[in-house]
Amino acid sequence: MRSVLSLLLLPTLALGALVGCDDGTSNASTADTAVAPQVTPGNVGGFDWTDMELDVHDQVNAYRATEGLPPLELDPFIGALSREHSDNMADGSVPIGHAGFDARGDLIIEDGADMVGENVAFNQGYNDPATIAVDGWLNSPPHYENIVNEYFTHAGVGIAERDGAYYMTQMFARKR
């Protein structure tokens, strides 16, 4: 059975700095601007996580632990897809959101998953962009549902920074 979770929230302005979160749905306008993923399971060798990507992952797992949920396993392929999407948002190839989510989800499913979800965030002007993104996701019901989904087993985080702005994608998957 294939399942793709998806919802959409628009970016908002908070405390004088930009913050936005998005949690997994593309609509017709964003789907039209999708960039086909270049990452495949066979070409992620040597993928290195950044400290900020690991921080986001650790914060999500710490929260899952408070809810009695097992930690999500880091998956380099999911991380590479997430980073590629964040890079595409940062360079303007796609709008902030879920353009191309279906293609990314299909690749993760081809790699052994049967369920996929995605959270996206953008923020600028904060000292701790990772915590701002995770806090935003935890305080938004649709993002929260991805984080505490008891069926997800794997995740990857990809972050791109351009001119002090941070574009973040966390993808989730259930792999057996």
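Student: Quick question: what am I supposed to make of empty space enclosed by the protein here?
Tutor: Empty space among the atoms becomes apparent when a probe as large as a water molecule is rolled across them. Taken as a whole, this structure holds one cavity of 30 Å³ or more when the rule is applied. Around the largest cavity, the lining residues are V35, P37, L81, E84, H85, N88, V94, A99 and R104. For the lining of the largest cavity, the per-class residue count stands at five nonpolar, two polar and two charged.

Student: Looking at this model, I keep getting lost on unusual backbone geometry. Mind explaining?
Tutor: Glycine aside, negative phi is the norm for most residues, and most peptide bonds take the trans geometry. Phi at D163 is positive, roughly 55 degrees, even though this residue is not glycine. Take D163: it is sitting in the loop between strand 6 (154-162) and strand 7 (165-175).

Student: How should I be thinking about the side chain of N88 in this particular structure?
Tutor: Relative to the assigned elements, N88 resides in helix 3 (residues 76-90). The buried category is assigned to N88, whose relative accessible area is 14%. What N88 contacts, discounting residues up to four positions off in sequence, is V35, S93 and V94.

Student: What's the story with the pattern of salt bridges in this structure? I'm lost.
Tutor: Oppositely charged side chains are able to pair whenever their charged atoms sit close together. Applying the stated criterion across every chain, the model contains seven salt bridges. Across the pair R83 and E53 runs a salt bridge, and its minimum N-O distance is 2.6 Å. With R83 in helix 3 and E53 in helix 2 (residues 51-66), the pair connects residues that are 30 residues apart, well separated along the chain. Among the charged side chains, a salt-bridge network with shared partners connects D75, D111 and K175.

Student: Would you take a moment to explain helix 4 (residues 101-110) for this structure?
Tutor: Given 3.6 residues per turn, any residue in an α-helix points the same way as the ones three and four places further on. All buried positions along helix 4 are accounted for by F101, R104, G105, L107, I108 and I109. In the segment just after helix 4, G112 is the residue with positive phi, at about 115 degrees.

Student: Just checking my understanding: could you explain the nonpolar core for this structure?
Tutor: Nonpolar side chains in soluble globular proteins tend to be buried together. Core analysis: the biggest nonpolar cluster contains 19 residues, and V56, L72, W137, I147, I159, M168 and F172 have the highest contact counts within it. Among the secondary structure elements, those contributing two or more residues to this core are helix 2, strand 5 (113-124), helix 5 (129-138), strand 6 and strand 7. No other element matches the four residues that helix 5 contributes to this core. With sequence-adjacent residues up to four places away left out, I159 is seen in contact with M52, E53, V56, R83, S86, Y166, Y167 and M168. Residues V39, F47, F101 and L107 belong to the second largest nonpolar core, which totals 15 residues.

Student: Can you walk me through the packing of helix 3 against helix 4 in this structure?
Tutor: The relative placement of two packed helices is expressed as an angle between their axes plus a distance between the axes. Remark: helix 3 packs on helix 4, axes separated minimally by 11 Å, with the N-to-C direction vectors making an angle of 170 degrees. Between helix 3 and helix 4, the interaxial angle falls into the category roughly antiparallel. Listed contacts from helix 4 to F77, I78, L81 and H85 of helix 3 are R104, L107 and I108. Here the residues of the contact of helix 3 with helix 4 sort into five nonpolar, one polar and one charged.

Calculation notes
- Residues numbered from 1 in each chain as written.
- Predicted model: local features only at pLDDT ≥ 70, side-chain atom pairs only at ≥ 80, totals over all residues.
- Heavy atoms only, no water.
- 1 Å grid on protein atoms, 1.4 Å probe; cavity = no way out; pocket = protein on both sides within 12 Å on 5 of 7 lines; lining within 4 Å.
- Points joined across faces, edges and corners; volume = space filled by probe spheres on them.
- Nonpolar A, V, L, I, M, F, W, Y, C, P; charged D, E, K, R; others polar.
- Helix = DSSP H or I, 4+ residues; strand = E, 2+ residues; numbered from the N terminus.
- Buried < 20%, exposed > 50% of the residue type's maximum accessible area, 1.4 Å probe, protein only.
- Contact = heavy atoms within 4.5 Å.
- Salt bridge = Lys/Arg side-chain N within 4 Å of Asp/Glu carboxyl O.
- Core = buried A, V, L, I, M, F, W, Y, C linked by side-chain atoms within 4.5 Å.
- Axes fitted to C-alpha atoms, helices over the stretch in contact; angles between N-to-C directions.
- Parallel < 35°, antiparallel > 145°, perpendicular 65-115°, else oblique.

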